[in-house]
Amino acid sequence: MSARFSISDADFEQRFQDVLGQKRETDADVNDTVARILQDVKNRGDEAVIEYTNQFDRLDLKSGADLKVTSEEIKAAKAKCDEKTLSALSIAAERIKSYHEKQKPENLRYTDADGIELGYRWTAIEAVGLYVPGGLATYPSSVLMNAIPAKVAGATRLVMVVPTPDGTINPLVLAAADLCGVDEVYRIGGAQAVAALAYGTDTIAKVDKIVGPGNAFVATAKKQVFGTVGIDMIAGPSEILVVADNKNDPAWIAADLLSQAEHDPVAQSILITDDATYAEEVEKAVQHHLTTLPRTDIAGESWKNYGVIIVVDHMDQAPALVDRLAPEHLELCVDDPDLLSEKISHAGAIFLGRYTPEAIGDYIAGPNHVLPTARTARFSSGLSTLDFMKRSSLIKLDAEGLQKIGPPAVDLANSEGLGAHALSIAIRLNMPK
């Protein structure tokens, strides 16, 4: 049974704080193990990657050449895919591409009041590594969400790593990689794959940024190689917050809550409503759905241990609670979702209205489904085209411009005791530093 309480309860604040502080995953102490794997791959390259891959994924790779998934294998994988599903992937890819193209920033160049030319220029991160979890229970939609923004940004090399335990891989993952124009695919995973991408081996040239989710070993490896390469984020278990009034079909809202609960036993689904009777109806609908879902064990455990229903006195109380929760996914199933959304500052993605289930954003709407979790939406955003670009500042002075702003710069340099800084400006102005 999920937790349920009302904003009018005497102990509401304590119970809400318990939700905010709830730890939904155990931090595996893998730092030392990961550090050893990273160093080993850094030192021995392909040899270490092959050893770890054979050990952990139960393969029998012999050389660096065996690491790469060939174009023939990708073609064969596509042939195994249902044509209707391939068509759906293609539709999703076009929509995702269209949305992310609109995020591409423009360069700027202008001359200010002192005659100084200033601006900035955006350029792409050239080589991007995409980590994709392996086995059959993998998500080709995530390949689209990670690869397409990189392509739109202008990345010239996309490298995908995906473990194939016992030689098993979802053929749709390879089909999605081919659809997105991924240049290289390697059958490796874990910390050793992150190391190969970050440091490079004889077979796998190093990349500039690594994106994509993984287990504790992958997440820890990404943390440890950050600085050598860029990373996207360290994502936690999925979460959804639904704000719904009693005009919604309870079965719809229950399905939305379970759409995230089925991801993981430690996923979290929260409902905020202004009708206690309606809250009971949604709870009953959740239990009904759980009798028919294919992942009912996972969804049921998530809902039992981490599901929450909060009853407010009126919807005006909802935005403050939403901002404190800062959810990954937020559905606003009310009469005027746009008005309510304007009162909310912290959410990874906002789904507006009764006919906008979160699941549509996971696949085909267009915006990215790689989103901040664990309340990090307070200070971070979902994956975007900008994550695969960087900005260079542009500054241009002539003699007159330097004469105008150089002297105060010399004063500031001297105040910091940086004589060479002061000299490099003063010498151009024929002034004492």
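Residues numbered from 1 in each chain as written. Predicted model: local features only at pLDDT ≥ 70, side-chain atom pairs only at ≥ 80, totals over all residues. Heavy atoms only, no water.

**Remarks on helix α11 (residues 276-289)**
Piece 1. Taking 1.5 Å as the rise per residue, α11 with 14 residues should run 20 Å; its terminal C-alpha atoms sit 20 Å apart, in good agreement.
Piece 2. Along α11, the residues classified as buried are Y278, A279, V282, E283, A285, V286 and H289. Seen from one end, α11 has its buried residues packed into an arc of 160°, which puts them on one side. Across α11 from its buried face, at more than 90 degrees, point the exposed residues K284 and H288.
Piece 3. If you follow the buried residues of α11, they end up packed against β1 (3-6), β9 (239-244), α10 (250-261), β10 (268-273), α12 (296-306) and β11 (308-311). (Helix = DSSP H or I, 4+ residues; strand = E, 2+ residues; numbered from the N terminus. Expected span 1.5 Å × (residues − 1). Buried < 20%, exposed > 50% of the residue type's maximum accessible area, 1.4 Å probe, protein only. Arc of directions from axis to C-beta. Contact = heavy atoms within 4.5 Å.)

**A short note on the sheet that holds strand β3 (residues 117-124)**
Piece 1. If you walk across this open sheet you meet the three strands as β2-β3-β14, and the pairing is antiparallel. The two strands at the open ends of the sheet, each matched to only one other strand, are β2 (108-111) and β14 (389-396). Ignoring strand direction, the axes of neighbouring strands in this sheet form an average angle of 15°.
Piece 2. Two elements, β2 and β3, share four bridges in a ladder whose sense is antiparallel. Across the sheet, residue T111 finds its bridge partner in β3, namely E117. (Pairing = 2+ DSSP bridges. Axes fitted to C-alpha atoms, helices over the stretch in contact; angles between N-to-C directions.)

**Here we look at the sheet that holds β11**
Piece 1. The strand order β1-β11-β10-β9-β12-β13 describes an open sheet built from six strands, whose pairing is parallel. Of all strands in the sheet, those bounded by a partner on one side alone are β1 and β13 (349-352). In this sheet, adjacent strand axes meet at a mean angle of 15° when their direction is disregarded.
Piece 2. Summarising the sheet, β1 and β11 pair through four bridges and their orientation is parallel. Looking across to β11, one finds that F5 is bridged to I310.
Piece 3. The strands that helix α1 (residues 12-20) touches are β1, β10 and β11; relative to β1, the one it contacts most, it runs at about 145°.

**Things to note about the packing of helix α16 (residues 399-415) against helix α17 (residues 419-429)**
Piece 1. Interhelical geometry of α16 versus α17 gives an angle of 150° and a closest axis separation of 9 Å. By the angle class used here, α16 and α17 are roughly antiparallel. As for the relative orientation of α16 and α17, their crossing is left-handed in sense. Listed contacts from α17 to L402, Q403, G406, P407, A409, V410, A413 and N414 of α16 are H421, A422, I425, A426, R428 and L429.
Piece 2. Grouping the constituent residues of the contact of α16 with α17 by class yields nine nonpolar, four polar and one charged. (Parallel < 35°, antiparallel > 145°, perpendicular 65-115°, else oblique. Left-handed = near helix turned anticlockwise from the far one by under 90°. Nonpolar A, V, L, I, M, F, W, Y, C, P; charged D, E, K, R; others polar.)

**Points about the side chain of S341**
Piece 1. Inspection of the secondary structure puts S341 in helix α14 (residues 337-341).
Piece 2. In terms of polar contacts, S341 uses its side chain to reach the backbone carbonyl oxygen of D338, at 2.8 Å.
Piece 3. In this structure, S341 is in contact with L332, I350 and L352, ignoring residues within four places of it in sequence. (Polar contact = N/O pair within 3.5 Å; in protein donor to acceptor, adjacent residues only side chain to side chain.)

**Let's talk about the packing of aromatic side chains**
Piece 1. Within the structure shown, the criterion is met by four aromatic pairs.
Piece 2. On the numbers, 5.6 Å between centres and 55° between planes, the contact of F5 with F12 is tilted.
Piece 3. For F5, a relative accessible area of 4% translates into the label buried.
Piece 4. The class for F12 is buried, based on a relative accessible area of 7%.
Piece 5. For the pair F12 and F16, a centre-to-centre distance of 5.6 Å together with 25° between the ring planes defines the contact as stacked. Taken together, the residues F12 and F16, both in helix α1 and four residues apart, mark about one turn of the helix.
Piece 6. One Lys or Arg, K42, reaches over the ring of Y199 and ends 5.1 Å from the middle of that ring.
Piece 7. The lysine or arginine in question, K209, covers the ring of F388, its NZ or CZ lying 5.9 Å from the ring centre. (Phe/Tyr/Trp six-rings, centres within 6.5 Å; stacked < 30°, edge-to-face > 60°. Lys NZ or Arg CZ within 6 Å of the ring centre and 35° of its normal.)

**Structural notes on unusual backbone geometry**
Piece 1. Positive phi outside glycine occurs at R58, with the angle close to 60°.
Piece 2. One can find R58 in the loop between α3 (46-57) and α4 (71-80).
Piece 3. Even without a glycine there, the phi angle at A374 is positive, about 55°.
Piece 4. Relative to the assigned elements, A374 resides in the loop between α15 (358-363) and β14.

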